[in-house]
Amino acid sequence: MKLLKNHLLPVKGKIIALGFFDGVHSGHRAVLRAASQEAKKRNKLLEVITFYPHPRNFITRSRVVKYLTPYSQKFLLFKSFFPESTLRFWRFDNRLRLLSPGEFIDILDRIYRPSVVFVGANYRFGFQASGNTFFLKEELNKRGIEVEIVPPVKFGDTVISSSLIRFFLEQGLVEKANSALGYPFFIIGKTRPGARIGQKLGFPTGNIYPPSQKKLPRAGVYAGVVESWDQEIRQPALVYCGTKPSVLNKGKRRVIEFFMPDLAYRELYNQRFLVYLWRFLRPEITFPSLSELKQQILRDTEHLKQYLHQYPAVVNYHLNVTNWRCNSSWY
């Protein structure tokens, strides 16, 4: 798996997949799987061209899109699902934003000269997203370049999209989000010291402060699984997402806080973890006292045990990050 940021390097003759691919969800992977299969069939390399930042985030600061997968996590997923591919980021700037659909196609042809281009059915490109898949196919076919338009994947009667998954997360419907993603929603980060309230109550926790661009689900408590980066730890956990308005905390910084009942007294600071979310248990609550907070944690722990009794296999799930390394500053 290669990661490239310079979009001007010539890579003529490859199979190319185009898209933003936030979340690398089930619909995205249908496009990528078709492209990967064609690349193997033709004995060619697959190159995935994506963009950064999100076009809406570049154009306006209002209604900013929070990423299901920031860039490093997107790379991790590509490494896991399509290790033979190359992931190339194009910087979305004014030059790229102002390209007409025809000019965008000219760049693809002149610099890449691909054998086949794969896109999803709803792919748009060019200034104000004025280019569609039909125009892409018509214009590239004229130049002898094949275009494969992959049909959308549906969740029930609804087309799976990154926007749909963000909606599910906002509602706390993490199980639906996971079904659409095709893997459990996760957060990656290094544990930092907190206020140690949980430790005082007998429930020591790990605290992760996710990057501001990361999409988080509805504030509350979730049944989850926590896995250390070295895979020495993989334990069921209560996972809190929010700003911790309960009891002594008055800050607004977003935090992921987890408690592992079966590994309650292990040192957790300054370690990198993957935190998987499996089910929403309850919304966040402001507690009038520490004793009431303690009683609620005991109830949450019992709900976690009931969930694991029903779905014991969730503890064994993990992304394929074995032998994968990247710059630690990405997390």
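This text goes with the structure placed above it.
Residues numbered from 1 in each chain as written. Predicted model: local features only at pLDDT ≥ 70, side-chain atom pairs only at ≥ 80, totals over all residues. Heavy atoms only, no water.

Draft legend 1. Structural detail: the pairing of strand E2 (residues 15-18). Neither face of E2 is exposed, since Ile15 and Ala17 on one face and Ile16 and Leu18 on the opposite face are all buried. As paired elements, E2 and strand E3 (residues 46-52) share four bridges and run parallel to each other. Bridge assignment links isoleucine 15 to a residue of E3, and that residue is leucine 46. With helix H1 (residues 26-42) bridging E2 and the parallel E3, this β-α-β connection has right-handed handedness. Summarising the sheet, E2 and strand E5 (residues 116-120) pair through three bridges and their orientation is parallel. Each bridged residue has a counterpart across the sheet, and for isoleucine 15 the counterpart in E5 is valine 116. (Buried < 20%, exposed > 50% of the residue type's maximum accessible area, 1.4 Å probe, protein only. Helix = DSSP H or I, 4+ residues; strand = E, 2+ residues; numbered from the N terminus. Pairing = 2+ DSSP bridges. Right-handed = clockwise from strand over helix to strand, strands pointing away.)

Draft legend 2. Main features of the pattern of salt bridges. As enumerated under the stated definition, the model contains 13 salt bridges in all. A salt bridge links lysine 14 to glutamate 47, with the shortest nitrogen-to-oxygen separation between them at 3.0 Å. Here glutamate 47 lies in strand E3 and lysine 14 lies in the loop between strand E1 (2-4) and E2, a separation of 33 residues in the sequence. Looking at lysine 14, the relative accessible area reads 15%, which means it is buried. With a closest N to O distance of 3.1 Å, arginine 279 and glutamate 175 form a salt bridge. Placement of arginine 279 in strand E14 (residues 272-283) and of glutamate 175 in helix H8 (residues 174-181) is noted, with a sequence separation of 104 residues between them. Arginine 279 gets classed as partly exposed once you look at its relative accessible area, which sits at 23%. It is possible to trace a salt-bridge network through shared partners that takes in Asp106, Asp109, Arg113 and Arg143. (Salt bridge = Lys/Arg side-chain N within 4 Å of Asp/Glu carboxyl O.)

Draft legend 3. View of unusual backbone geometry. Cis geometry is found at the peptide bond from tyrosine 52 to proline 53, where omega equals -10°. Its identity as a non-glycine residue notwithstanding, glutamine 231 has a phi of 65°, on the positive side. Position of glutamine 231 among the secondary structure elements: in the loop between strand E11 (220-228) and strand E12 (234-242). The exposure class assigned to glutamine 231 is partly exposed, which follows from its relative accessible area of 25%.

Draft legend 4. Examining the packing of aromatic side chains more closely. A full pass over the atoms with the stated rule returns 21 aromatic pairs. A ring pair is formed by phenylalanine 167 and phenylalanine 168, whose centres lie 6.3 Å apart and whose planes are at 50°; its orientation type is tilted. Feature note: the residues Phe51, Trp90, Phe104, Tyr112, Tyr123 and Phe125 constitute an aromatic cluster, connected by ring pairs. The ring of phenylalanine 81 carries the charged tip of arginine 29 above its face, separated from the ring centre by 4.4 Å. (Phe/Tyr/Trp six-rings, centres within 6.5 Å; stacked < 30°, edge-to-face > 60°. Lys NZ or Arg CZ within 6 Å of the ring centre and 35° of its normal.)

Draft legend 5. How the structure looks around the packing of helix H5 (residues 101-112) against helix H6 (residues 133-142). Two elements in contact, H5 and H6, have axes whose closest approach is 11 Å; the angle formed by their N-to-C orientations is 50°. Put simply, H5 runs oblique to H6. H6 is crossed by H5, and the crossing has right-handed handedness. Contacts between H5 and H6 involve Pro101, Gly102, Ile105 and Leu108 from the first element and Phe135, Leu136, Glu139 and Leu140 from the second. Its residues placed into classes, the contact of H5 with H6 shows six nonpolar, one polar and one charged. (Axes fitted to C-alpha atoms, helices over the stretch in contact; angles between N-to-C directions. Parallel < 35°, antiparallel > 145°, perpendicular 65-115°, else oblique. Left-handed = near helix turned anticlockwise from the far one by under 90°. Contact = heavy atoms within 4.5 Å. Nonpolar A, V, L, I, M, F, W, Y, C, P; charged D, E, K, R; others polar.)

Draft legend 6. Structural view of the sheet that holds strand E10 (residues 206-208). Read around the closed barrel, the six strands follow the order E9-E10-E13-E12-E11-E14; overall the barrel is antiparallel. With direction set aside, neighbouring strand axes in the sheet form an average angle of 40°. In terms of strand pairing, strand E9 (residues 186-192) meets E14 through five bridges, oriented antiparallel. When the bridges of E14 are listed, isoleucine 188 appears paired with leucine 274.

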